2 protein chains.
Amino acid sequence: MPERSDPRRSLLIIGGAEDKVGRVTILRRFVRLAGGRKSNIVVIPTASSMPDEVIEVYSTVFTRLGCPSVGSVDPQSRVDSSSEELAERIDAASGIFISGGNQLKLSQLIVGTPLGKAILRAHERGAVIAGTSAGASIMSQFMISMGEEGVTPRQRASQLTQGLGLVPGVIIDQHFDQRSRYGRLLSLVAGSPSLLGMGIDEDTAAEITNGREMTIIGSGAVFVVDARMAQTDAHEARRDAPLLVTGAVVHSLPYGATFDLETATLTDFVERHADVAVTAAKDQHDTATAAAALRH
Amino acid sequence: MPERSDPRRSLLIIGGAEDKVGRVTILRRFVRLAGGRKSNIVVIPTASSMPDEVIEVYSTVFTRLGCPSVGSVDPQSRVDSSSEELAERIDAASGIFISGGNQLKLSQLIVGTPLGKAILRAHERGAVIAGTSAGASIMSQFMISMGEEGVTPRQRASQLTQGLGLVPGVIIDQHFDQRSRYGRLLSLVAGSPSLLGMGIDEDTAAEITNGREMTIIGSGAVFVVDARMAQTDAHEARRDAPLLVTGAVVHSLPYGATFDLETATLTDFVERHADVAVTAAKDQHDTATAAAALRH
């Protein structure tokens, strides 16, 4: 008998405000990874202040995209998150979707509980875990929360809290371009330089396979900052002071980029936003020139 | 007779909104570089839509800081900028201050004219040239203008125009943190990777000596992006698409940092925003521990 192969472990980490009515690129990808017409999806709306609306919206979209079974899990306390019944619903799911809202509510109610452990187990057995906005950040082991807008990193501009730990070496921020979160992300990486910083734009997702290979889909970009060889003054700068961060390496990765999270390098890129008109015109010109040259 | 030494060539490039009523750190530095009580300063208010107010404000501040002679040069056309009289006023100055406003007005009215050449000459002979906001950007050879806010670089988010050329290899942007100009600066560097991108925060200045050594003063930071070894898709991405930029090296440089613009590396750093309380407490603790250890 052939050896049973390891399951493909997929995460879909979304920067918030993903398209739900147009091409639905990202949520379509999620349903596909969850098994499409054979999927069993559980929505966790707990971060949101409007959980019923969240469940309704995503149930509608996932059903339209072909999912035959959408349920939800919405613990109100760590006691709830310890119930066997909730963990069993997670154990039965082929896809788990964590909504936006307040990520500190997720770390308060889920991290380290039997429900949290069931989510980690689901990832290990090959169920896809998706999260948007707060649901994206909670996937980190070291989770970002709070902070001001702006591009200059400042001492204590943001903070770290324990997250689910689905992505151990990466701090995940979201609404990155729309809320100008470059500075707050860099300020955390300055203090913990062995963690990669990742900032995901709205309507954009990082799909991480087997903990290492990341591909980008959606209309924005994923920003990665690698400060592992950088020099900073995060050990001595006073609160709110602009931080010294010198020698960090950055990557802005749009749709079509594939990135290795271990080496922090681009491994593949397929242009998805090409200027078709310009490219076509240039090719025609080149062909015409070549043809003319051949005739003489 | 000893050989006459080359003059020290100084530029003071300010990110806009520099303090004029408190410690006046940056403008004080400017007057000092211009010769203090022996200085002869010319203000160029031409970028501004309120040139009279600009002249009044800076004249007051520079006079308070000890400058005995503040004049102005305000050409309204390239014909004006060709007048010998204006060039002579620049030739007599020990410090030239270019105000904020619309930098395209400066490239229209001054770049390449006898007045523009007089400014370059002044720099060569050792007069200090300062510029704030638009007056900072115009110092580049390749000058940035126009563009949206945001941190994700997008194709054609900004544009280049010919500047004065006081800083040949650097694109200078300003109000950098306050207006979230990371994306627009990166989009230009993606297309011209041999140019360094520099973004200066408000109330912050880069002092460049002899075209190479840069030191930072003021309350914010100076951002530098070095995309010389980066990979981008700026040759084929369509308009407004998020750009691929992978492997750019970035530096956030606060007060006290010294940076070599040729090698694009930090050469010195003196912490100016130290958390004095924390540092003192730690030192006491270390001393106490050491003393205790020595007693046993």
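Every value quoted in this text rests on a predicted model; they were computed, and no experiment measured them.

> If you had to explain the relation of the copies chain B and chain A to someone new, which residues and values would you point to?
At an RMSD of 0.0 Å, chain B and chain A line up after a rotation of 180° and a shift of 0.0 Å along the axis. The superposition of one copy onto the other is thereby described by a two-fold rotation axis. Residue Val249 of chain B of chain B places its C-alpha closer to the rotation axis than any other residue of that unit, at 2.2 Å.

> Let's hear about the sheet that holds strand β11 (residues 213–218) of chain A: which residues, and what values?
All names here are of chain A. Across the sheet, which stays open at both edges, the 9 strands sit in the order β3-β2-β4-β5-β1-β10-β11-β15-β16 with mixed pairing between neighbours. Unpaired on one side and paired on the other, β3 (69–72) and β16 (265–269) mark the two borders of the sheet. Averaged over all pairs of adjacent strands, the angle between their axes in this sheet comes to 20°, without regard to strand direction. Against the sheet, helix α3 (residues 84–92) contacts β2 (40–44), β3 and β4 (95–98), and its axis sits at roughly 135° relative to β2.

> I'd like a description of the pattern of salt bridges, backed by residues and values.
All names here are of chain A. What the rule picks out here adds up to 22 salt bridges over all chains. Between Arg212 and Glu262 there is a salt bridge, with its nearest N and O atoms 3.5 Å apart. Highlighted residues: Arg212 in the loop between β10 (204–209) and β11 and Glu262 in the loop between β15 (257–260) and β16, separated in sequence by 50 residues. Because the salt bridges share partners, they merge into one network encompassing Arg8, Arg29 and Glu207.

> If you had to explain the nonpolar core to someone new, which residues and values would you point to?
The tendency in soluble globular proteins is for nonpolar side chains to be buried as a group. Grouped together as the largest cluster of nonpolar side chains are 50 residues, with contacts concentrated most on Ile13, Ile90, Ile129, Val167, Met214 and Leu253 of chain A. Element by element, the count of residues in this core is highest for helix α5 (residues 114–125) of chain A, at 4 residues. In this structure, Ile129 of chain A is in contact with Ser10, Leu11, Leu12, Ile96, Ile98, Ile119, Ala122, His123, Met139 and Leu166 of chain A, ignoring residues within four places of it in sequence. The next biggest cluster of nonpolar side chains, apart from the first, holds 49 residues, and it includes Ile44, Ala93, Ala127 and Leu261 of chain B.

> Could you give me a rundown of the environment of Phe223 of chain B, with the residues and numbers involved?
Inspection of the secondary structure puts Phe223 of chain B in strand β12 (residues 221–226). Residue class for Phe223 of chain B comes out buried when judged on its relative accessible area of 4%. Among residues more than four places away in sequence, those in contact with Phe223 of chain B are Tyr182 of chain A together with Phe176, Tyr182, Leu185, Gly197, Met198, Gly199, Val250, His251 and Ser252 of chain B.

> Go over the packing of helix α3 (residues 84–92) of chain B against helix α5 (residues 114–125) of chain B with me, naming the residues and quoting the values.
Residues and elements named next belong to chain B. Contact pair α3 / α5: the axes reach a minimum separation of 9 Å and the direction vectors enclose 15°. By the angle between their axes, α3 is roughly parallel relative to α5. Judged by the twist between their axes, the crossing of α3 over α5 is right-handed. Between α3 and α5, the residues in contact are Leu86, Ala87, Ile90, Asp91 and Ala92 and Pro114, Leu115, Ala118, Ile119, Arg121, Ala122 and Arg125, respectively. Class assignment for the residues of the contact of α3 with α5 results in 9 nonpolar, no polar and 3 charged.

> Any details on the UniProt feature "active site" (unreviewed entry) in chain A? Residues and values, ideally.
Residue and element names in this part refer to chain A. Mapped onto this structure's residue numbering, the UniProt feature "active site" (unreviewed entry) falls at Ser133, His175 and Glu202. Annotated residues spanning 70 residues; largest pairwise C-alpha distance 8.3 Å, indicating a single compact cluster. Position of Ser133 among the secondary structure elements: in the loop between β5 (128–132) and α6 (134–137). Discounting chain neighbours no more than four positions away, the residues touching Ser133 are Ile14, Gly15, Gly16, Gly100, Gln174 and His175. Inspection of the secondary structure puts Glu202 in the loop between β9 (196–200) and β10. Excluding anything up to four places from it in sequence, Glu202 contacts Gly15, Gly16, Ala17, His175, Gln178, Ser219 and Gly220.

> I'd like a rundown of the sheet that holds strand β3 (residues 69–72) of chain B, residues and numbers included.
All names here are of chain B. With respect to topology, 9 strands assemble into an open sheet ordered β3-β2-β4-β5-β1-β10-β11-β15-β16, the strand pairing being mixed. Only two strands of the sheet have a single neighbouring strand rather than two, namely β3 and β16 (265–269). Between one strand and the next, the sheet's axes are offset by a mean angle of 20°, whatever the strand orientation. Bridge count for strand β1 (residues 10–14) against strand β5 (residues 128–132) is 4 bridges, and the pairing is parallel. Of the residues in β5, the one forming a bridge with Leu11 is Ile129. Taken strand by strand, helix α1 (residues 25–34) contacts β1, β2 (40–44), β4 (95–98), β5, β10 (204–209) and β11 (213–218), and its axis lies near 160° from that of β1.

> Explain the interface of chain B and chain A to me, and be specific about the residues and the numbers.
Accessible area lost on assembly of the parts is the figure often given for the size of an interface. Every contact between the two is made by 42 residues of chain B and, on the other side, 42 residues of chain A. For the pair chain B and chain A, the summed buried surface comes to about 3,400 Å²; carbon and sulfur atoms form 54% of the total. In terms of surface lost to chain A, no three residues of chain B exceed Val151, Ser252 and His273 of chain B, which account for 16% of the buried area on that side. Joining chain B to chain A, the criterion identifies 0 salt bridges. Run the count over chain B and chain A and you get 17 residue pairs in polar contact (both at pLDDT 80 or more). In terms of residues, the side of chain B that touches chain A owes the most to one element, strand β14 (residues 245–254) of chain B, which gives 10 residues. Tallied by class, residues from the side of chain B that touches chain A come to 23 nonpolar, 11 polar and 8 charged.

> Just give me the short version of the packing of aromatic side chains, but keep the residues and values in it.
Residue and element names in this part refer to chain B. Following the criterion strictly, the structure yields 17 aromatic pairs over all chains and no others. Taking the centre distance of 5.4 Å and the plane angle of 65° together, the rings of Phe62 and Phe97 count as edge-to-face. Highlighted residues: Phe62 in helix α2 (residues 51–64) and Phe97 in strand β4, separated in sequence by 35 residues. We note that Phe62, like Phe97, is buried.

> Could you give an account of the pairing of β3 of chain A, naming the residues involved and the relevant values?
In this structure, β2 of chain A lies alongside β3 of chain A, joined through 4 bridges in parallel fashion. Each bridged residue has a counterpart across the sheet, and for Ile41 of chain A the counterpart in β3 of chain A is Val70 of chain A.

> Break down the environment of Val245 of chain A for me, with residues and values.
For Val245 of chain A, the location among the structural elements is in strand β14 (residues 245–254). Once the C-alpha coordinates of Val245 of chain A and Ala230 of chain A are considered, the two residues, 15 residues apart in sequence, prove to be 6.5 Å apart. Residues within four places of Val245 of chain A in sequence aside, it is in contact with Pro153, Leu186, Ala190, Ala230, Gln231 and Thr232 of chain A together with Val250, His251 and Ser252 of chain B.

> So, the side chain of Asp260 of chain B: which residues are in play, and what are the values?
Residue and element names in this part refer to chain B. Mapped onto the elements of the fold, Asp260 is located in strand β15 (residues 257–260). With a relative accessible area of 12%, Asp260 lands in the buried category. Residues in contact with Asp260, not counting those within four places in the same chain, are Arg212, Thr265 and Thr267.

Scoring rules and cut-offs
Residues numbered from 1 in each chain as written. Chains lettered and ligands numbered in written order. Predicted model: local features only at pLDDT ≥ 70, side-chain atom pairs only at ≥ 80, totals over all residues. Heavy atoms only, no water. Least-squares fit on C-alpha atoms with pLDDT ≥ 70 in both. Pairing = 2+ DSSP bridges. Helix = DSSP H or I, 4+ residues; strand = E, 2+ residues; numbered from the N terminus. Axes fitted to C-alpha atoms, helices over the stretch in contact; angles between N-to-C directions. Contact = heavy atoms within 4.5 Å. Salt bridge = Lys/Arg side-chain N within 4 Å of Asp/Glu carboxyl O. Core = buried A, V, L, I, M, F, W, Y, C linked by side-chain atoms within 4.5 Å. Buried < 20%, exposed > 50% of the residue type's maximum accessible area, 1.4 Å probe, protein only. Parallel < 35°, antiparallel > 145°, perpendicular 65-115°, else oblique. Left-handed = near helix turned anticlockwise from the far one by under 90°. Nonpolar A, V, L, I, M, F, W, Y, C, P; charged D, E, K, R; others polar. UniProt positions renumbered as here; feature names shortened; annotations may be inferred. Buried area = accessible area lost by both parts, 1.4 Å probe. Polar contact = N/O pair within 3.5 Å; in protein donor to acceptor, adjacent residues only side chain to side chain. Phe/Tyr/Trp six-rings, centres within 6.5 Å; stacked < 30°, edge-to-face > 60°.

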